[in-house]
Amino acid sequence: MITEIPQSACGETRLSGLGVAADAVKGRVRWSNKLRQDHRLLAALEKLMQRLGPAGSRVPVQYVAKVVPFVGVFVGASMNSAILGSVAADAQWYS
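Bear in mind that the values here come from a model prediction, so they are computed numbers and not experimental data.

Calculation criteria
- Residues numbered from 1 in each chain as written.
- Predicted model: local features only at pLDDT ≥ 70, side-chain atom pairs only at ≥ 80, totals over all residues.
- Heavy atoms only, no water.
- Helix = DSSP H or I, 4+ residues; strand = E, 2+ residues; numbered from the N terminus.
- Buried < 20%, exposed > 50% of the residue type's maximum accessible area, 1.4 Å probe, protein only.
- Contact = heavy atoms within 4.5 Å.
- Areas by Shrake-Rupley, 256 points an atom, 1.4 Å probe, with all protein chains shown as cover.
- Patch = residues over 30% accessible without salt bridge, like charges linked within 9 Å, V, L, I, M, F, W, Y side chains within 5 Å.
- Salt bridge = Lys/Arg side-chain N within 4 Å of Asp/Glu carboxyl O.
- Core = buried A, V, L, I, M, F, W, Y, C linked by side-chain atoms within 4.5 Å.
- Axes fitted to C-alpha atoms, helices over the stretch in contact; angles between N-to-C directions.
- Parallel < 35°, antiparallel > 145°, perpendicular 65-115°, else oblique.
- Nonpolar A, V, L, I, M, F, W, Y, C, P; charged D, E, K, R; others polar.

**Focus: the overall build of the protein chain**
Okay, step 1: For the protein chain, the count of helices and strands is 4 helices and 0 strands.
Okay, step 2: Helices and strands appear in the protein chain in the N-to-C order α-α-α-α.
Okay, step 3: For the protein chain, buried positions account for 18% of its 95 residues.
Okay, step 4: Long-range contacts, defined here as pairs at least 24 residues apart, represent 36% of the contacts in the protein chain between residues at least 6 apart.
Okay, step 5: Put simply, the protein chain shows about 7700 Å² of open surface, and 60% of that area lies on carbon and sulfur atoms.

**Examining a nonpolar patch on the surface**
Okay, step 1: On the surface, a cluster of nonpolar side chains totalling about 500 Å² of accessible area is made up of Phe 74, Val 75, Met 79, Ile 83 and Val 87.
Okay, step 2: Mapped onto the secondary structure, Val 75 falls in helix 4 (residues 61–94).
Okay, step 3: Take Val 75: its relative accessible area is 40%, and that puts it in the partly exposed class.

**Considering the nonpolar core**
Okay, step 1: Ala 21, Ala 24, Val 25, Trp 31, Leu 35, Leu 42, Leu 45, Val 59, Val 61, Val 64, Val 68 and Val 71 form the largest nonpolar core, which has 12 residues in total.
Okay, step 2: At the level of elements, helix 1 (17–25), helix 3 (40–52) and helix 4 are the ones that each hand at least two residues to this core.
Okay, step 3: Among the elements that make up this core, the one with the highest residue count is helix 4 (4 residues).
Okay, step 4: Not counting chain neighbours up to four residues away, the residues in contact with Ala 24 comprise Leu 35 and His 39.

**Notes on the pattern of salt bridges**
Okay, step 1: In total, this model carries 3 salt bridges according to the counting rule given.
Okay, step 2: Note that Lys 26 and Asp 23 form a salt bridge whose closest N and O atoms lie 3.3 Å from each other.
Okay, step 3: With a relative accessible area of 41%, Asp 23 lands in the partly exposed category.
Okay, step 4: Here Asp 38 and Lys 34 are joined by a salt bridge, their closest N and O atoms 2.5 Å apart. Note that Asp 38 and Lys 34 are positioned in helix 2 (residues 33–38) at a spacing of 4 residues, about one turn of the helix.

**A word on the environment of Ala 43**
Okay, step 1: Mapped onto the secondary structure, Ala 43 falls in helix 3.
Okay, step 2: Linking Ala 43 and Trp 31, residues 12 residues apart in sequence, is a C-alpha distance of 9.6 Å.

**Some words on the side chain of His 39**
Okay, step 1: Topologically, His 39 is positioned in the loop between helix 2 and helix 3.
Okay, step 2: Beyond its immediate chain neighbours, meaning those up to four positions away, His 39 contacts Val 20, Ala 21 and Ala 24.

**Some details on the packing of helix 3 against helix 4**
Okay, step 1: Two numbers describe how helix 3 lies on helix 4: the axes approach to 10 Å, and their chain directions differ by 110 degrees. Judged by the inter-axis angle, helix 3 sits roughly perpendicular to helix 4. Judged by residue contacts, Leu 41, Leu 42, Leu 45, Glu 46 and Met 49 of helix 3 engage Tyr 63, Val 64, Val 67, Val 68 and Val 71 from helix 4.
Okay, step 2: Split by residue class, the contact of helix 3 with helix 4 holds 9 nonpolar, no polar and 1 charged.

If you want it as structure tokens, here you go:
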């Protein structure tokens, strides 16, 4: 079964939540409350990086932007693993 990528009315492909977050941080220099409210993933990554770094450290937007693709890879790999496990279980059931 082939599925199509949904497209908006103007023909652009829709981005996933990670893609939208990555586009929101592209070219940004400063954090804003609106950015944190609109993209909870970015706010969560900022808090995580603050806790992992030295006490009281400030995390620039550019550092969080560099981590977003790795989160996407991790989420994608997790989904692939879950689907592959389900397919393998079904294959054993029907064999």
